[in-house]
Amino acid sequence: MEYDDRAHDPNDATLRSWLDVPSGSDFPVQSLAFGVVAPRRTNAAPRGAVAIGDHVLDLAVAQRVGLLDGCDLGGEEFAAGALNAFLALGPRVWRSVRRRVSWLLTRAEGTTRDAAVACLAPRADVDARLPIEVADYTDFYSSRHHAENLGRILRPGSPPLLPNWPYLPVGYHGRAGTVVVSGTPVHRPRGLVADPERDGRPVLRASRRLDVEVELGFVVGAASPTATPLRPDAALDHVFGALIVNDWSARDIQAFEYQPLGPFLGKSFATSVSPWLIPLEALAPAFVAPPPPEVERDPYLVAERDFALPVELTLSLAAAGSELSTLARVDARHLSFTFAAQLAHLTVNGAGVRTGDLYASGTISGPERGACGSLIELTDNGTAPLHVGGAERAFLEDGDRVVISAECTRPDGVRIGFGSVEGTIVAAEEG
Ligand code: CA
């Protein structure tokens, strides 16, 4: 089949879908977030999908019936339970599939539109799964405000930023196998924690200082070869999209274990992500300049164009059985190192990146009072508990439900939502 979509611009703010997209939806036709869904009422296997308004478009069926012909797909990329095979095809194919889906949802008529309608299902009728098989997972620490807040809390009297911080995006390699999709219960971790009553000897117990970290995550689609450092300006040739990350953190386990090699079991029990990958192509019109660096950075970290993302993230908490309360709002535009600089840093030593690599921004905090992406900051290390729906919270209790949502409003007025990532704390197993 031939499709007349060559001149079609999926970012055009004036596009309207023939499908009813509720105003204010997280998923307007200018976004076209990619995910993996499993239909609830049948035993159909998980498959690739695009979110549109309150619906999803089944990409496996669209591909099978020829609606994606001419997009240079190889075979049955969307019939898989993860988007990796599609992401590996690179930016030219990502752009042509997104352009085709946009064209189908806005311009298609007659039997072509009928075929597209047959690919639609209400989003409420599907379960959104983890969209990728995570290859490597890296977490950065790129919010100056977060790093300074933690420095003041953990090293009072010393300069809040460590000397290396302004020069490079500090990070650590995390555990890919425990990245879970929104809605997955989070079991309270156990670990060795310091016990002042035991003369410095630690005790194995369930964490009493379980925290959240509000972050953005970035998913690598196109791999890069070994010994080929990437320029920041090449980021859009490799990174497909963004999602929300909650980097659950057990502060007491972390405090005892982290020296000298950094975070380990206090982080690796679970990392939750939102299910919809927002294409960077849809966010690119919103890119802004990052904050000016405090020092002259090495040129390998300096991009020619702007890559900071003005994404506002909202952290909410429902104490067991109560309503959600908003705890904080933070803006990713304040991150000192962009996802493009982070990608350059990941590869400057010659390491390649792989399809399915996930890297997270680091906890996002801002300059405003209360703009903090973690409880340890919001409660001043637990000393100033928050009032949450009639309860007091310093750190998370069993049964607490945490929700992080995010949105980006582009200069052309298009509002792109990220959906949300949520998780409920489950009591640790007795042991
Ligand atoms: Ca983190």
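Nothing here was measured: the structure is a model prediction, and the numbers come from that model. (Residues numbered from 1 in each chain as written. Predicted model: local features only at pLDDT ≥ 70, side-chain atom pairs only at ≥ 80, totals over all residues. Heavy atoms only, no water.)

1. A closer look at the coordination of the calcium ion
For step 1, the next point in the chain: Looking at the calcium ion, the protein donor atoms are Asp139 (OD), Glu213 (OE), Glu215 (OE) and Asp247 (OD), and they sit 2.2 Å from it.
For step 2, the next point in the chain: Counting gaps between the donor residues of the calcium ion yields the pattern D-x73-E-x1-E-x31-D. One end of the pair, Asp139, is in strand β6 (residues 137–140); the other, Glu213, is in the loop between β12 (210–211) and β13 (214–220), and 74 residues separate them in sequence. Just as Asp139 is buried, Glu213 falls in that class too. (Donors = N, O, S within 2.8 Å, 3.2 Å for Na, K, Ca; no water. Helix = DSSP H or I, 4+ residues; strand = E, 2+ residues; numbered from the N terminus. Buried < 20%, exposed > 50% of the residue type's maximum accessible area, 1.4 Å probe, protein only.)

2. Topic: the pattern of salt bridges
For step 1, the next point in the chain: Enumeration over the complete set of coordinates arrives at 23 salt bridges.
For step 2, the next point in the chain: Notably, a salt bridge pairs Glu281 with Arg98, separated by 3.2 Å at the nearest N-O pair. Residue Glu281 is found in helix α9 (residues 280–283), and its partner Arg98 is found in helix α3 (residues 91–106); the two are separated by 183 residues along the sequence.
For step 3, the next point in the chain: Looking at Glu281, the relative accessible area reads 27%, which means it is partly exposed.
For step 4, the next point in the chain: The exposure class of Arg98 is buried, given its relative accessible area of 1%.
For step 5, the next point in the chain: Through salt bridges that share partners, Asp211, Glu213, Asp247, Arg251 and Lys267 make up one connected network. (Salt bridge = Lys/Arg side-chain N within 4 Å of Asp/Glu carboxyl O.)

3. Some thoughts on the sheet that holds strand β24 (residues 415–426)
For step 1, the next point in the chain: Across the sheet, 5 strands lie side by side as β9-β24-β23-β18-β19; this open sheet has mixed pairing. Edge strands, defined here as strands with exactly one partner in the open sheet, are β9 (186–187) and β19 (325–331).
For step 2, the next point in the chain: Pairing between strand β23 (residues 401–409) and β24: 8 bridges, direction antiparallel. Considered in β24, the bridge of Ile404 is made with Val421. (Pairing = 2+ DSSP bridges.)

4. Describing the environment of Glu133
For step 1, the next point in the chain: Topologically, Glu133 is positioned in the loop between β5 (126–129) and β6.
For step 2, the next point in the chain: Accessibility expressed as a relative area gives 57% for Glu133, which makes it exposed.
For step 3, the next point in the chain: Along the primary structure Glu133 and Val179 are separated by 46 residues, whereas in three dimensions their C-alpha atoms are 9.4 Å apart.
For step 4, the next point in the chain: The contact partners of Glu133, leaving out residues within four places of it in the chain, are Ala82, Asn84 and Gly356. (Contact = heavy atoms within 4.5 Å.)

5. Section: the nonpolar core
For step 1, the next point in the chain: Of all hydrophobic cores here, the largest spans 67 residues; its most connected members are Leu283, Leu313 and Phe418.
For step 2, the next point in the chain: Two domains each donate at least three residues to this core, and these are domain 1 (33–129) and domain 2 (137–426).
For step 3, the next point in the chain: With near-sequence residues (within four places) excluded, Leu283 lies in contact with Ala242, Ile278, Leu309, Cys408, Ile416 and Phe418.
For step 4, the next point in the chain: If you look at the next biggest cluster of nonpolar residues, it comprises 47 residues, including Tyr3, Val50, Val61 and Ile132. (Core = buried A, V, L, I, M, F, W, Y, C linked by side-chain atoms within 4.5 Å. Domains from an automatic or database assignment.)

6. Structural notes on the side chain of Glu377
For step 1, the next point in the chain: Mapped onto the elements of the fold, Glu377 is located in helix α11 (residues 375–378).
For step 2, the next point in the chain: Buried Glu377, no salt bridge; nearest opposite-charge side chain is Arg251, N-O distance 6.1 Å.
For step 3, the next point in the chain: Here His146 takes part through its side chain, which lies 2.6 Å from a polar atom of the side chain of Glu377.
For step 4, the next point in the chain: Glu377 has contacts with His145, His146, Asn149, Leu150, Ile153, Thr363, Ser365 and Cys372, leaving out every residue within four places of it along the chain. (Lys, Arg positive; Asp, Glu negative; His and termini not counted. Polar contact = N/O pair within 3.5 Å; in protein donor to acceptor, adjacent residues only side chain to side chain.)

7. Topic: the environment of Thr409
For step 1, the next point in the chain: Examined against the element boundaries, Thr409 turns out to sit in strand β23.
For step 2, the next point in the chain: Thr409 sits in the partly exposed class, given a relative accessible area of 46%.
For step 3, the next point in the chain: In the structure, Thr409 is positioned 99 residues away from Pro310 in sequence and 7.8 Å away in space, judged by C-alpha atoms.

8. Observations regarding the packing of aromatic side chains
For step 1, the next point in the chain: Here the structure, examined in full by the defined rule, presents 14 aromatic pairs.
For step 2, the next point in the chain: Centre to centre, the rings of Phe34 and Phe240 are 5.4 Å apart; their planes meet at 90°, and the pair counts as edge-to-face. Separated by 206 residues along the polypeptide, Phe34 in strand β1 (residues 33–39) and Phe240 in strand β14 (residues 239–246) bring together distant segments of the chain.
For step 3, the next point in the chain: Note on Phe240: relative accessible area 4%, which makes it buried.
For step 4, the next point in the chain: One aromatic cluster in this structure is built from Phe140, Phe218, Phe287, Phe307, Phe339 and Tyr359.
For step 5, the next point in the chain: When the ring centre of Phe337 is taken as origin, the NZ or CZ atom of Arg297, which lies over that ring, is 3.8 Å away. (Phe/Tyr/Trp six-rings, centres within 6.5 Å; stacked < 30°, edge-to-face > 60°. Lys NZ or Arg CZ within 6 Å of the ring centre and 35° of its normal.)

9. Examining the domain arrangement of the chain
For step 1, the next point in the chain: Partitioning the chain into structural domains gives domain 1 (33–129) and domain 2 (137–426).
For step 2, the next point in the chain: Between the C-alpha centres of domain 1 and domain 2 the distance comes to 30 Å.
For step 3, the next point in the chain: Across the boundary between the two partners, domain 1 contributes 21 residues, which contact 19 residues of domain 2.
For step 4, the next point in the chain: Carbon and sulfur atoms supply 71% of the area buried between domain 1 and domain 2, which totals about 1500 Å² over both sides.
For step 5, the next point in the chain: Among the residues domain 1 hides against domain 2, the three largest losses belong to Leu87, Trp94 and Arg98. Together they make up 36% of the total.
For step 6, the next point in the chain: At the junction of domain 1 with domain 2, the criterion picks out 2 residue pairs in polar contact (both at pLDDT 80 or more).
For step 7, the next point in the chain: Classifying every residue of the side of domain 1 that touches domain 2 gives 14 nonpolar, 3 polar and 4 charged. (Buried area = accessible area lost by both parts, 1.4 Å probe. Nonpolar A, V, L, I, M, F, W, Y, C, P; charged D, E, K, R; others polar.)

10. Some words on the environment of Pro122
For step 1, the next point in the chain: You can see Pro122 is positioned in strand β4 (residues 120–122).
For step 2, the next point in the chain: Residue Pro122 is classed as partly exposed on the basis of its relative accessible area of 35%.
For step 3, the next point in the chain: Separated by 79 residues in sequence, Pro122 and Asn43 place their C-alpha atoms 17 Å apart.
For step 4, the next point in the chain: Not counting residues within four places of it along the chain, the set of residues in contact with Pro122 comprises Asp54 and His55.

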